[in-house]
Amino acid sequence: MTSPDLVFETALAERLLDHARAGAPAEVCGVLGGSEGTVTHAEPVSNIASTPRTRYELDPAETVEAIERVEAGAEHLGFYHSHPQGPPRPSATDEAEATWPDAVYCIVSLPESRIRAWRWTGDRFDELRVETG
């Protein structure tokens, strides 16, 4: 059996799913932190997209503050956003707007009630194996 690339503590995974459910039908988003492939921190950030039901845009000032909070006790690993109705994979918009090479981009899928993750290489997303536990 292959080990996961990214592990979410169970309570944290549930918190992300709850955040996505509470924000639906709009997409929610935030910053993730942890170390050595284990996600231990999630900081919600306001979605300021003009069409939040189909896009997300992290509030810039809140993002800086969230990253600072995460980095006070962990490494900044990346970001998350939800897909309340869409497929649980990065959209063409997600790919066009990804800007942090080597960052983890997680999608909280409400239709599947699970979290999937990708690493942005700078020109494409590579899917990561995710485990909750």
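Just so you know, these numbers come straight off a predicted model, no measurement behind them. (Residues numbered from 1 in each chain as written. Predicted model: local features only at pLDDT ≥ 70, side-chain atom pairs only at ≥ 80, totals over all residues. Heavy atoms only, no water.)

Looking now at helix α2 (residues 60-71). Taking 1.5 Å per residue as the helical rise, α2 with its twelve residues ought to reach 16 Å, and the 17 Å between its terminal C-alpha atoms agrees with that figure. Those residues of α2 that fall on the buried side of the exposure criterion are Thr63, Ala66, Ile67 and Val70. The arc that holds the buried residues of α2, viewed along the axis, is 100°, so those residues lie on one side. Along its buried surface, α2 packs onto β2 (29-35), β3 (38-45) and β4 (75-83). N-cap assignment for α2: the residue whose side-chain oxygen lies 3.2 Å from the backbone N of Ala61 is Asp59. (Helix = DSSP H or I, 4+ residues; strand = E, 2+ residues; numbered from the N terminus. Expected span 1.5 Å × (residues − 1). Buried < 20%, exposed > 50% of the residue type's maximum accessible area, 1.4 Å probe, protein only. Arc of directions from axis to C-beta. Contact = heavy atoms within 4.5 Å. Polar contact = N/O pair within 3.5 Å; in protein donor to acceptor, adjacent residues only side chain to side chain.)

Turning to a negative patch on the surface, a few remarks are in order. Judged by side-chain charge, Glu36, Glu65, Glu68, Glu71 and Glu75 come together as a negatively charged surface patch. Tallying contributions element by element places α2 first for the negative patch, with three residues. Here Glu75 is to be found in strand β4. Taking the relative accessible area as the measure of exposure, Glu75 reaches 44% and is therefore partly exposed. (Patch = residues over 30% accessible without salt bridge, like charges linked within 9 Å, V, L, I, M, F, W, Y side chains within 5 Å. Areas by Shrake-Rupley, 256 points an atom, 1.4 Å probe, with all protein chains shown as cover. Salt bridge = Lys/Arg side-chain N within 4 Å of Asp/Glu carboxyl O. Lys, Arg positive; Asp, Glu negative; His and termini not counted. Charge placed at Lys NZ, Arg CZ, Asp CG, Glu CD.)

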